[in-house]
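Spelled out, the chains give:
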Amino acid sequence: MAFFPLVFTINFFIHPKYSNIFLLLASLVFYSWGEPYFVFLMIISIVINWLLGLSIDRIRSHSKFMLVIAIASNLAILGYFKYVGFGIEIINNVLKRELLPIPDIRLPIGISFFTFQSISYLVEVYRKESKAQTNIINTALYISFFPQLIAGPIVKYKDINMQIENRTITGGGIAYGFRQFIYGLSKKVLISNILGKSVDIIFSMNVSMLDGKTVWIASIFYTFQIYYDFSGYSDMAIGLGKMFGFNIPENFNYPYLSLSICDFWRRWHISLGSWFKEYVYIPLGGNRKGNFRTYSNLAITFFLTGLWHGAGINFIIWGFYHGFFSLMERLCLKRILEKYKIISHIYLLFIVNFGWVLFRSETLSKALLLVMRMIMPWKYNEYNISIWEYANFYTLFTSACAIIGMGFLQKIIPSKYINWWKLSVPEFIYCACLLIISIATIASNTYNPFIYFQF
């Protein structure tokens, strides 16, 4: 609890030319607090990427070869820690015998995020969109900046490079950042954590004892939980960045207000979607080389999106699942969805809900059993589980607040009232109350997992 106030206070008073060094040291301390050994892996990764960036920029005759080496090096590190065990498991399953033992490899926190940021930097240098950073401190700060290090947003180097070298901390920026941090913290602590307890209880039950109603409730609660968990962390990261003088791009734009899967991915985890679009989908040809290539490129992109989220068949199927509906919208559904907005919204919520069951389930077989109970609840009513076995009135109140906060309230309130509310005295009092309640909740509760830390 004391880490951020201490870092913020020291950074505020030290000379600006020492700020990057101090924030880098603070970021490494922050990471090593939870990963005391893997911090050395991050340092090695930083040095390698800094040297490779300089090589790509200065040896233009071999820059493409250097870029391939650079990307391969980053993906090799990510692949070893995240996918080796999964790959061996697939081989053993195909051969139907344990040809190789599955290694016990612990996943470094946030490795997917800082690996993608490193690749972003190297590609931009290759494309001459950014100059190679000659100061290793600045490169290291970009890769390891603690607010968004372990769960994003994924920040492209060109969006923040000028701020690394020259930024200004203002009173307005601090106030805005503190406000966004409090909203993010309250999303996480007061909504996501509360609903997450019920989700965990239901998903830990034997599937054969679950009725359709209970699975639907678990699915809806998890839909709320993952949004408020991840968007809450993103808001905290963006708010902290603002307080240090950085403008980190928004990562969510009320995704559950979307009217299609394509629209959903423009609003959900925006930084990841734009990363795959810029560094995978467009380089593959995007939609410029005919329908077959477009659909193939979409399939590859969504496959990699699913795989990025986790080493498991259910994540891959989840990626293909979203890719299938994105493809269907391009083929025929788009015209229908554009005509009937209410139907479009219901369609989106159903598709996303089923998808989150795939995402949350430990195995694909379990996910399919749960989906069957959602589709045909009348066939699975032998056990009628009371809602009070996994929830209480506070849980139901929290779920009502979750519905209101997903963008519906903001959509109906005129913008002039929203603008009046921002940084006003009433909002200051409201934020102060949220902060006090959130801190009290954290102090009295040990349940504070972040879903995206595992990626």
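What counts and how
- Residues numbered from 1 in each chain as written.
- Predicted model: local features only at pLDDT ≥ 70, side-chain atom pairs only at ≥ 80, totals over all residues.
- Heavy atoms only, no water.
- Helix = DSSP H or I, 4+ residues; strand = E, 2+ residues; numbered from the N terminus.
- Rg over C-alpha atoms; globule rule 2.2 N^0.38 Å.
- Buried < 20%, exposed > 50% of the residue type's maximum accessible area, 1.4 Å probe, protein only.
- Contact = heavy atoms within 4.5 Å.
- Areas by Shrake-Rupley, 256 points an atom, 1.4 Å probe, with all protein chains shown as cover.
- Lys, Arg positive; Asp, Glu negative; His and termini not counted.
- Charge placed at Lys NZ, Arg CZ, Asp CG, Glu CD.
- Phe/Tyr/Trp six-rings, centres within 6.5 Å; stacked < 30°, edge-to-face > 60°.
- Lys NZ or Arg CZ within 6 Å of the ring centre and 35° of its normal.
- Patch = residues over 30% accessible without salt bridge, like charges linked within 9 Å, V, L, I, M, F, W, Y side chains within 5 Å.
- Salt bridge = Lys/Arg side-chain N within 4 Å of Asp/Glu carboxyl O.
- Axes fitted to C-alpha atoms, helices over the stretch in contact; angles between N-to-C directions.
- Parallel < 35°, antiparallel > 145°, perpendicular 65-115°, else oblique.
- Nonpolar A, V, L, I, M, F, W, Y, C, P; charged D, E, K, R; others polar.
- Core = buried A, V, L, I, M, F, W, Y, C linked by side-chain atoms within 4.5 Å.
- Polar contact = N/O pair within 3.5 Å; in protein donor to acceptor, adjacent residues only side chain to side chain.
- Expected span 1.5 Å × (residues − 1).
- Arc of directions from axis to C-beta.

Engineer: Mind showing me how you'd approach the overall build of the chain here?
Structural biologist: On a plain count of helices and strands, the chain comes out with 18 helices and 0 strands. Computed over its C-alpha atoms, the radius of gyration of the chain comes to 23 Å, within 12% of the 23 Å expected for a compact globule of 455 residues. Here the C-alpha coordinates of the chain stretch approximately 65 × 60 × 50 Å along the principal axes. A total of 455 residues make up the chain; the buried ones form 52% of that total. Within the chain, residue pairs in contact and separated by at least 24 positions form 77% of the contacts whose partners lie at least 6 positions apart. Here the chain has roughly 22100 Å² of accessible surface; of this, 69% comes from carbon and sulfur atoms. Treating the 38 positive side-chain charges of the chain as one cloud and the 22 negative ones as another, the clouds have centres 8 Å apart.

Engineer: When you look at the packing of aromatic side chains in this model, what are you seeing that I'm missing?
Structural biologist: Working definition: an aromatic ring pair is given by the centre-to-centre distance plus the angle between the planes. For the structure shown, the criterion picks out 51 aromatic pairs. Ring geometry for F4 versus F8: centroids 5.8 Å apart, planes at 35°, classification tilted. In this pair, F4 and F8 are both assigned in helix α1 (residues 3-13), 4 residues apart and thus about one turn of the helix distant. By relative accessible area, F8 is classed as buried at 16%. Over the face of the ring belonging to W308 we find K82, whose NZ or CZ atom lies 5.3 Å from the ring centre. The residue whose ring lies beneath R360 is F203, and the NZ or CZ to ring-centre distance is 4.6 Å.

Engineer: It is not clear to me how a nonpolar patch on the surface should be interpreted in this structure. Could you clarify?
Structural biologist: Taken together, I90, I91, V94, L95, L99, L100, I313 and I317 make up a surface patch of nonpolar side chains, about 640 Å² in accessible area. Elements that contribute at least two residues to the nonpolar patch include exactly α4 (63-95) and α13 (313-339). Examining the composition of the nonpolar patch, we find that 4 residues originate from one element, α4, more than from any other. Counting through the fold element by element, L100 comes out in the loop between α4 and α5 (111-126).

Engineer: Just to check I follow, could you spell out the side chain of S361 for this structure?
Structural biologist: Within the secondary structure, S361 is located in the loop between α14 (341-360) and α15 (364-375). For S361, a relative accessible area of 2% puts it in the buried group. In this structure, S361 is in contact with F203, N314, K366, A367 and L370, ignoring residues within four places of it in sequence.

Engineer: Whenever I open this one, the packing of α1 against helix α2 (residues 19-34) confuses me. Can you help?
Structural biologist: When two helices pack together, their arrangement is given by the angle between the helix axes and the distance between those axes. Relative to each other, α1 and α2 sit at 170°, their axes nearing to 10 Å. It follows that α1 is roughly antiparallel to α2 by the angle criterion. Contacts between α1 and α2 involve F3, V7, I10 and N11 from the first element and S19, F22, L23, A26, V29 and F30 from the second. Along the lines of polarity and charge, the residues of the contact of α1 with α2 split into 8 nonpolar, 2 polar and no charged.

Engineer: Quick question: what am I supposed to make of unusual backbone geometry here?
Structural biologist: Most of the time, phi is negative for any residue but glycine, and the peptide bond is trans. Positioned with a positive phi, Y254 is a non-glycine residue whose angle comes to about 45°. Here Y254 lies in the loop between α9 (212-243) and α10 (261-267). Even without glycine at this site, H269 takes up a positive phi of about 45°. Structurally, the position occupied by H269 is in the loop between α10 and α11 (270-281).

Engineer: Mind showing me how you'd approach the nonpolar core here?
Structural biologist: Looking at soluble globular proteins, one finds that nonpolar side chains tend to be buried together. Residues F244, F246, Y256, W268 and W356 are the most contacted members of the largest nonpolar core, which totals 125 residues. The dominant element in this core, judged by the number of residues it contributes, is α9, at 16 residues.

Engineer: Can you walk me through the pattern of salt bridges in this structure?
Structural biologist: When the charged atoms of two side chains lie near each other, side chains of opposite charge can form a pair. Per the stated rule, a full pass over the model turns up 16 salt bridges. R179 is the salt-bridge partner of E427, the closest N and O atoms lying 2.7 Å from each other. With E427 in helix α18 (residues 425-443) and R179 in helix α8 (residues 171-204), this residue pair connects regions lying 248 residues apart in the sequence. Here R179 falls in the buried class, since its relative accessible area comes to 14%. For R360, the salt bridge goes to E362, with nearest N and O atoms at 3.6 Å.

Engineer: How do you make sense of the environment of N20 when you look at a structure like this?
Structural biologist: By the secondary structure assignment, N20 is in helix α2. Exposure remark for N20: the relative accessible area of 11% places this residue in the buried category. Considered as a pair, N20 and N138 are 118 residues apart in the sequence and their alpha carbons are 6.8 Å apart. Sequence-distant contacts of N20, that is, excluding residues within four places in its chain, are made with I137, N138, L141, I164 and R167. Within the local environment of N20, its side chain forms a polar contact with the backbone oxygen of I164, the two atoms lying 2.8 Å apart.

Engineer: Hey, could you run me through the packing of α5 against helix α6 (residues 136-144) in this one?
Structural biologist: For the pair α5 and α6, interaxial distance at closest approach is 9 Å and the crossing angle is 135°. Compared by their axis directions, α5 and α6 come out oblique. Between α5 and α6, the residues in contact are F114, Q117, S118, S120 and Y121 and T139, Y142 and I143, respectively. Considered class by class, the residues forming the contact of α5 with α6 number 4 nonpolar, 4 polar and no charged.

Engineer: Looking at this model, I keep getting lost on α15. Mind explaining?
Structural biologist: Because each turn of an α-helix spans 3.6 residues, side chains separated by three or four positions end up pointing in the same direction. Between its terminal C-alpha atoms α15 stretches 16 Å, which fits the 16 Å expected from 12 residues at 1.5 Å a residue. Along α15, the residues that are buried comprise K366, A367, L370, V371, R373 and M374. What you see down the axis of α15 is that its buried residues fit within an arc of 155°, all on one side. Tucked inside the fold, the buried residues of α15 contact α8, α9 and α14.

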